[in-house]
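# Topology and contacts: notes
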Amino acid sequence: MAAAVELSGGGGKKRKRAVSGLTDLHDDMLERVLARLPPASYFRLRGVSRRWRAAAESNTFRAACARVPPRDPWFLMLEEDQDQQPQQQQPVPARPAAAVFDSAERAWARWRGAPASAPVAAAGGLVLYRDPATGDLTVVNPLTGASRALPPPPPSSSALQAIAMYGSPYRVVLIMGDLPDLSIATFDSTKNAWEGALPLSRKAEGDEASPRERAAEEGEDADDDDAVYFLSKSGDVVATTMQRSASRQYSCAVACRPGAGGVGEDAVAYFLSRSGTVVSCDLSRRAFAELPRILSAYHEYSIDVVACGGAAYAVVLSEFLDAASVRVWEHDGAWRQVAAMPPAMAQAFRGAKADVNCVGHGDRVVVCVSSVDAAARGCFVCDVRTNTWEELPPRAGREGDGDAATGFVAALSFEPRMEAAV
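As the structure is a prediction and not an experimental result, all values here were calculated from the model. (Residues numbered from 1 in each chain as written. Predicted model: local features only at pLDDT ≥ 70, side-chain atom pairs only at ≥ 80, totals over all residues. Heavy atoms only, no water.)

## What about the overall build of the chain?
Along the backbone of the chain there are 7 helices and 28 strands. For the chain, the residues scored as buried account for 48% of the 422 residues in total. Working note: accessible area of the chain is about 20800 Å², and carbon and sulfur atoms make up 50% of it. (Helix = DSSP H or I, 4+ residues; strand = E, 2+ residues; numbered from the N terminus. Buried < 20%, exposed > 50% of the residue type's maximum accessible area, 1.4 Å probe, protein only. Areas by Shrake-Rupley, 256 points an atom, 1.4 Å probe, with all protein chains shown as cover.)

## Remarks on the state of the cysteines
Inspection of every chain in the model, using the stated rule, returns 0 disulfides. Free of any disulfide, cysteine 368 has its nearest neighbouring cysteine sulfur in cysteine 379, separated by 3.2 Å. For cysteine 379, a relative accessible area of 3% corresponds to the buried category. (Disulfide = S-S within 2.5 Å.)

## Observations concerning unusual backbone geometry
Here the bond from serine 168 into proline 169 is cis, since omega is 0 degrees, no more than 30 degrees from zero. Relative to the elements of secondary structure, proline 169 occurs in the loop between strand S9 (160–166) and strand S10 (171–178). Residues leucine 179 and proline 180 are joined by a peptide bond in cis, for which omega reads 5 degrees. Positioned with a positive phi, arginine 286 is a non-glycine residue whose angle comes to about 55 degrees.

## Side note on the pairing of strand S11 (residues 181–188)
Burial of S11 is extensive: 7 of the 8 residues sit out of reach of the surface. Here S10 pairs with S11 via 8 bridges, running antiparallel. Bridging from a neighbouring strand, glycine 177 pairs with leucine 182 of S11. Counting the residues that bridge the hairpin from S10 to S11 gives 2 residues. The pairing of S11 with strand S12 (residues 193–199) spans 5 bridges and is classified as antiparallel. By the bridge assignment, isoleucine 184 is partnered in S12 with leucine 198. The antiparallel hairpin formed by S11 and S12 contains 4 residues in its connecting segment, where asparagine 192 sits at a positive phi of about 50 degrees. (Pairing = 2+ DSSP bridges.)

## Thoughts on helix H4 (residues 59–66)
Every buried residue belonging to H4 is among Phe61, Ala64 and Cys65, and all of these are buried. The arc that holds every buried residue of H4, seen down its axis, measures 105 degrees, which confines them to one face. Each element contacted by the buried residues of H4 is listed here: helix H1 (27–35), helix H2 (42–45) and helix H3 (50–56). (Arc of directions from axis to C-beta. Contact = heavy atoms within 4.5 Å.)

## A word on H1
Residue pairs three or four apart in sequence face the same way in an α-helix, which turns once every 3.6 residues. By the burial criterion, the buried members of H1 are Leu30, Glu31, Leu34 and Ala35. On an axial view of H1, the arc spanned by its buried residues comes to 135 degrees, and they lie on one face. Tucked inside the fold, the buried residues of H1 contact H2, H3 and H4.

Right under this line is the structure:
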């Protein structure tokens, strides 16, 4: 399997021109210069000259890329058609199943990946694919097209809940089972092997009680697998059980923090349970906890969880007193609001039954709002440090299809790095 990205732009062939001065550079210096080009330009290096092609394929060039400071992230947006098209009996018009937003160039790029597999996680400069039919996992570097098929994970009778990927060298973690019986299987890229399924214990003593435990203490039904139905203010019957797109069925956010004493790092994975609660799994200590709800179970809302700079955030779209709001909450022992979309931006989502699909990188959270209402869709970036919001520019090449963000139902982020090894 391989994946590639091409800048979207107008048609027509461009003439190749020799770059003045670069032809006189020593190979080592040329590679250092090329390594600092915008990542999107790497796809055109091989077409400039034989010398540039040789440089782009050399190990010393990738070593030069490794010395370049951290890159601005690319945000990979998945569309619903990716899940629906294989089931279509009749031919359907060709359209991209996903797109990439280059945050450095502030431009959209096309994403070309294996049609039979779906990207489910990302870490560093790598993207993890999963074949929906077989469950096979493959790691891909989107810039180079290099790929690595992972060996089959240990057999398990438990249902797959979430897939996490983190670190460099990377690890892939499968979170399996139903609450409260969760287990994990971990793939270590340095060993090219899986660690057998290990059970997760309940949170350590002294931690805040989970929603299940609080319900049990109060004598209530603690079975979150049963849907709770209620009437919304519009009179519609609503179920609190989350109806998530298959594109993000196994989505998981991983926050990595420095380990105790500065040794190693602690990784905590966050995912949404079927009842909409946020579950945190400490992958280092093999413990989990259900975090308190931000809003009541009887409140109609959409929620997604992201990780940015070692912190966990929940993005919540809700309505109250005929006003819609999109708010970002950070969890650091307890939930606290850290950002809110300006009311003028959020008001378009009132009464639209919209859903939020989010991804984080650094200090930025990308919030994709999807809805059957064409006027209640959009793709936004929030800086959680400054609480500043901006809407992403529309994507070109979608004539007659409306806003570029209309079909986005899931998102991933990665740092484009030529040297990222699979």
